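The lines below spell out each chain.
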Amino acid sequence: MTFRLPRSPLFAAALVQLLGWLLAFAAARLGFITGLWPLLAVQAFAAAGMAALLRSPWWWLALHLVFSPALVALHGLGLAPAWYLAAFVALALVFGNPVRTRVPLFLSHRATIEALSALLPPDRPFRFLDVGSGTGRVVVALARAFPQGEFTGVEQAILPHLIARWRGRGLPNLHLRRADAFALPWTGYDVLYAFLSPVPMPDLWRKACAELPPGALVCSNEFPIPGIEPQARVLPQGTTRPLWLYRVA
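Along each chain, the written sequence defines residue order, and numbers are assigned to residues from 1. Owing to the predicted nature of the model, reporting of local features is limited to residues with pLDDT of at least 70; listing and counting of side-chain atom pairs is limited to 80 or more, with chain, interface and lining totals taken over all residues. Working from all heavy atoms in the structure, the side-chain values ignore hydrogens and water.

### Here we look at the overall build of the protein
A run of H or I in DSSP counts as a helix once it spans at least four residues, and a run of E counts as a strand once it spans at least two, with each numbered from the N terminus. The secondary structure content of the protein amounts to nine helices and seven strands. Relative accessibility thresholds used throughout: buried, under 20% of the residue-type maximum; exposed, over 50%; partly exposed, between the two (1.4 Å probe, protein chains only). Looking at the protein as a whole, 40% of its 249 residues qualify as buried. Two residues form a contact once any of their heavy atoms are found within 4.5 Å. For the protein, contacts bridging at least 24 residues in sequence account for 63% of all contacts bridging at least 6. In short, Shrake-Rupley with a 1.4 Å probe defines the accessible areas, and a residue's cover is counted only from the protein chains shown. Of the roughly 13,800 Å² that the protein leaves accessible, carbon and sulfur atoms contribute 66%.

### Description of the pattern of salt bridges
A side-chain nitrogen of Lys or Arg and a carboxyl oxygen of Asp or Glu constitute a salt bridge if their distance falls within 4 Å. Tallied over the full model, the rule gives four salt bridges. For the salt bridge of E150 with R127, the shortest nitrogen-to-oxygen distance reads 3.8 Å. Linking E150 in strand β2 (residues 150–155) with R127 in strand β1 (residues 127–131), this pair joins segments that are 23 residues apart in sequence. We note a salt bridge from E222 to R241, for which the minimum N-O separation is 3.1 Å. In this pair, E222 is assigned in the loop between β5 (217–221) and β6 (232–234) and R241 in the loop between β6 and β7 (243–247), connecting sequence segments 19 residues apart. Judged by relative accessible area, R241 falls into the partly exposed class, the value being 28%.

### Considering a nonpolar patch on the surface
Patch membership requires over 30% relative accessible area and the absence of a salt bridge. Like charges are linked within 9 Å, and nonpolar side chains (Val, Leu, Ile, Met, Phe, Trp, Tyr) within 5 Å. There is a patch of nonpolar side chains on the surface, built from L15, L18, L19 and L22 and spanning about 330 Å² of accessible area. Looking at where L22 falls in the secondary structure, it is placed in helix α1 (residues 9–29).

### What to know about the nonpolar core
Core analysis: the biggest nonpolar cluster contains 47 residues, and F128, L142, F151, L192, L212 and V218 have the highest contact counts within it. Element by element, the count of residues in this core is highest for helix α7 (residues 137–145), at five residues. In this structure L192 touches L129, V131, W186, L204, L212, L217, V218 and C219, once residues within four positions along its chain are discounted. As used in this record, nonpolar core signifies buried Ala, Val, Leu, Ile, Met, Phe, Trp, Tyr and Cys residues forming a set joined through side-chain atoms within 4.5 Å.

### A few points about the environment of L61
Among the secondary structure elements, L61 is positioned in helix α3 (residues 58–77). The exposure class of L61 is partly exposed, given its relative accessible area of 23%. Here L61 is in contact with A48, A51, A52 and S56, once residues within four sequence places are set aside.

### Structural notes on the confidence of the model for the protein
Scored by pLDDT, the protein comes out at a mean of 84, with 82% of its residues at no less than 70. Ignoring residues within four places in sequence, the model shows residues 1–7, a span with pLDDT below 50, making 15 contacts including any to other chains. Values of pLDDT, which run from 0 to 100, indicate the predictor's confidence residue by residue. Throughout residues 88–95 the model reports pLDDT below 50, and contacts reaching past four residues in sequence, or to other chains, amount to 11 contacts.

### Notes on the pairing of β2
Within β2, five of the six residues are buried, which leaves the element mostly enclosed by the surrounding structure. Whether two strands pair comes down to DSSP finding at least two bridges between them. Both β1 and β2 contribute to a ladder of five bridges, which runs parallel. Paired with F128 across the bridge in β2 is F151. Orient the strands so they point away from the viewer, and a crossover whose first-strand-to-second-strand path over the helix runs clockwise is right-handed. Where the polypeptide runs from β1 across α7 and back to β2, its parallel neighbour, the crossover connection is right-handed. Relative to strand β3 (residues 174–178), β2 runs parallel, the two being bridged by five bridges. Paired with V154 across the strands is R177, a residue of β3. The parallel pair β2 and β3, bridged by helix α8 (residues 158–167), forms a crossover whose chirality is right-handed.

Right, here's the structure in full:
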């Protein structure tokens with residue numbers, strides 16, 4: 001049995017945490033559990049189970065499992081409030097706003113870059129877009145290897161974007177932007193690469209079909225586009241993450 005996910009993932013997370021606590025307190029009141037840590041365990045597994053029923057992404061399930069136990073453990077350490085603020089700022093700099101985008105920071109494997117290189121034209125100009133370019137590992141390496149290509153990387157999180165700019169300094173065919181890639185136009189790109197999550201893949205395909213030119217290549221690392229038959233599935237040597245290849249009609 002499954003339920004429809006509320007429109008806001010943050011609302012869904014708060015709802016299942018609250019329901020988890022209600023269930024845990026009810027179990028304690030009825031005498032099924034005693035003690036703080038059994039109470040926390042029931043709350044954590046109840047919240048994660050309800051998140052699974054809501055079809056939340058896997059990282060939400062992991063967060064629900066550790067959220068309440070971590071709060072209690074941290075409270076016992078007696079840390080100053082400034083440490084919590086520093087941790088929040090650090091996470092925001094690295095990950096941006098995954099609550100809204102529902103896309104964590106993934107780093108592409110070197111073998112994936114080699115597989116992408118085999119797909120790019122070696123003897124003519126082309127335009128390449130990396131949606132969610134992170135620290136720039138893919139676009140920087142490819143921009144160095146294909147000087148005739150024009151490469152654009154778009155990343156919303158501040159710290160990965162700054163790392164990418166430092167990595168790609170001096171490359172005239174590399175353009176890095178800190179923005180929401182889905183809010184920018186994708187017109188004119190011959191190849192699109194994405195390593196996101198299952199959640200935005202339907203939106204990615206709709207935007208690709210609406211804005212990319214016919215025949216453009218869409219490469220998705222690990223996560224296939226649901227309901228769309230790929231042109232090919234490539235498994236780079238040394239990694240378990242396949243590249244799903246699609247052509248815009």
